[in-house]
Amino acid sequence: MQTDSLSDRILNGERRALARAITLVESNRADHRAQASELLTQLAGSGRQALRIGLSGTPGVGKSTFIESFGMMLTGQGLRVAVLAVDPSSARSGGSILGDKTRMERLSREKNAFIRPSPSQSHLGGVARRTREAIALCEAAGYDVVLIETVGVGQSETVVSELSDLFLLLLAPAGGDELQGVKRGIMEMADVILINKADGDLKATATRTCADYAGALRLLRKRPQDPEGFPKAMTVSAVEEHGLEQAWDEMQSLTQWRRDNGIWEANRAAQARYWFDQEVRHALLARLDTPQAKAEMERLNAEVSAGHLNPAKAAEELLGALT
């Protein structure tokens, strides 16, 4: 694969080239990793930036339906939208369904939209390990907004906040009370909380839930990256497409404030440092997968099992052999 021609096609906005490049960066083969690194280096000078929006929520809250309605609204305004959807992988088989394009039937046919499902594999935190690199590729391809839909694993799903400029949390009506709203973890990471399914018989319940969370947010300690009034809770209906434009207006307002106050650049710099740290950690763990390291681990395992060596001392010997 010629990375020069692939980078040119990505810069020209070719969706097929973008899909091929994401496949390349997601590969674990050593030669593919080298090509992916070269490709990302070539594209780094494009200077293109997109608004990165992380989206999380419990399974069944309507994330895919919201993304389709929200994405259609954005493309209707002339924006190009990329969706990176992370699907959970089976702990038994390792496989994923990757069915988000089936759910987003209208958006998948939109010429200004790009949808890419990826398996989470063994990576925790609700995103795939190479999602950050896939975002960089989408930005180079000229997309204005990149939506990152997480697995939806619960309160510990905060890694997406290290990838995004805005973090949206989708909740269902009657999904909790004020106490749930002040719990640490994913709640304190959210910039905007959207109570979805605010339609039909659930509309009144959604309004009460929104009021509960709005009250809870006022109890949380004010964050330096927020203007007055943020984070905030709002009601939306992805099915009836109510509240989407108001939510988008609030997102733009928050983004502009952060840009004007230097928080946007500082946040992205902090995220770059975070992912550098993660790459170093993954590279160190990868050194345990070599035949020599595995053989040494087997030997030390036998020593520990027989009681001849304590686990801490065995770990110290193994790490000493690797350096």
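Residues numbered from 1 in each chain as written. Predicted model: local features only at pLDDT ≥ 70, side-chain atom pairs only at ≥ 80, totals over all residues. Heavy atoms only, no water.

Engineer: Let's hear about the pairing of strand 2 (residues 81–87): which residues, and what values?
Structural biologist: For strand 2, a buried count of 7 out of 7 residues is recorded, marking the element as mostly surrounded by other parts of the structure. With 7 bridges joining them, strand 2 and strand 3 (residues 113–119) adopt parallel strand pairing. The residue of strand 3 that forms the bridge with Ala82 is Phe114. Pairing of strand 2 with strand 4 (residues 145–149), which is carried by 5 bridges, proceeds in the parallel orientation. Bridge pairing in strand 4 links Leu84 to Ile148. (Buried < 20%, exposed > 50% of the residue type's maximum accessible area, 1.4 Å probe, protein only. Helix = DSSP H or I, 4+ residues; strand = E, 2+ residues; numbered from the N terminus. Pairing = 2+ DSSP bridges.)

Engineer: Explain the confidence of the model for the protein to me, using residue names and the numbers behind them.
Structural biologist: Across the protein, pLDDT averages 84, with 86% of residues at or above 70. Least confident of the elements in the protein is helix 8 (residues 178–181), whose mean pLDDT is 50; most confident is helix 11 (residues 244–260), at 96. The model gives residues 122–126 a pLDDT under 50, and that stretch makes 12 contacts with residues more than four places away or in other chains. (pLDDT = per-residue confidence, 0-100. Contact = heavy atoms within 4.5 Å.)

Engineer: Go over the sheet that holds strand 5 (residues 166–171) with me, naming the residues and quoting the values.
Structural biologist: With parallel pairing, 7 strands are arranged side by side in an open sheet as 3-2-4-1-5-6-7. Only two strands of the sheet have a single partner each, and these edge strands are strand 3 and strand 7 (232–235). Strand-to-strand twist in this sheet, taken as the mean axis angle between neighbours without regard to direction, amounts to 20°. Its contacts with the sheet put helix 2 (residues 15–26) on strand 2 and strand 3, and the angle it makes with strand 3 is roughly 20°. (Axes fitted to C-alpha atoms, helices over the stretch in contact; angles between N-to-C directions.)

Engineer: Outline a nonpolar patch on the surface, supporting the account with residue identities and numerical values.
Structural biologist: A contiguous nonpolar surface patch, about 310 Å² in accessible area, is contributed by Phe276, Val280 and Leu284. Mapped onto the fold, Leu284 is located in helix 12 (residues 263–286). (Patch = residues over 30% accessible without salt bridge, like charges linked within 9 Å, V, L, I, M, F, W, Y side chains within 5 Å. Areas by Shrake-Rupley, 256 points an atom, 1.4 Å probe, with all protein chains shown as cover. Salt bridge = Lys/Arg side-chain N within 4 Å of Asp/Glu carboxyl O.)

Engineer: For the pattern of salt bridges, give the residues involved together with the corresponding values.
Structural biologist: Applying the stated rule across the entire model yields 22 salt bridges. A salt bridge links Glu279 to Arg132; the nearest nitrogen and oxygen atoms lie 3.9 Å apart. Of this pair, Glu279 sits in helix 12 while Arg132 is found in helix 7 (residues 131–140), placing the two residues 147 residues apart along the sequence. Judged by its relative accessible area of 27%, Glu279 falls in the partly exposed class. The exposure class assigned to Arg132 is partly exposed, which follows from its relative accessible area of 30%. In the salt-bridge network here, residues are joined through shared partners; they are Arg33, Arg130, Arg132, Glu133 and Glu279.

Engineer: How would you summarise the side chain of Arg80 if you had to cite specific residues and measurements?
Structural biologist: Summarising the element assignment, Arg80 is placed in the loop between helix 4 (63–76) and strand 2. Salt bridges are absent for the buried Arg80, whose nearest opposite-charge side chain, Asp144, sits at 6.0 Å. When residues no more than four places from it in sequence are discounted, the contact partners of Arg80 are Gly13, Asn112, Ala141, Gly142, Tyr143, Asp144 and Val145. (Lys, Arg positive; Asp, Glu negative; His and termini not counted.)

Engineer: Give me the lowdown on the side chain of Arg223, citing residues and values where you can.
Structural biologist: For Arg223, the location among the structural elements is in the loop between helix 10 (203–217) and strand 7. When its relative accessible area of 14% is taken as the criterion, Arg223 is described as buried. At 3.3 Å, the side chain of Arg223 forms a polar contact with the backbone oxygen of Ala190. At 2.8 Å, the side chain of Arg223 forms a polar contact with the side chain of Asp191. Not counting residues within four places of it along the chain, the set of residues in contact with Arg223 comprises Glu188, Met189, Ala190, Asp191, Pro231 and Arg258. (Polar contact = N/O pair within 3.5 Å; in protein donor to acceptor, adjacent residues only side chain to side chain.)

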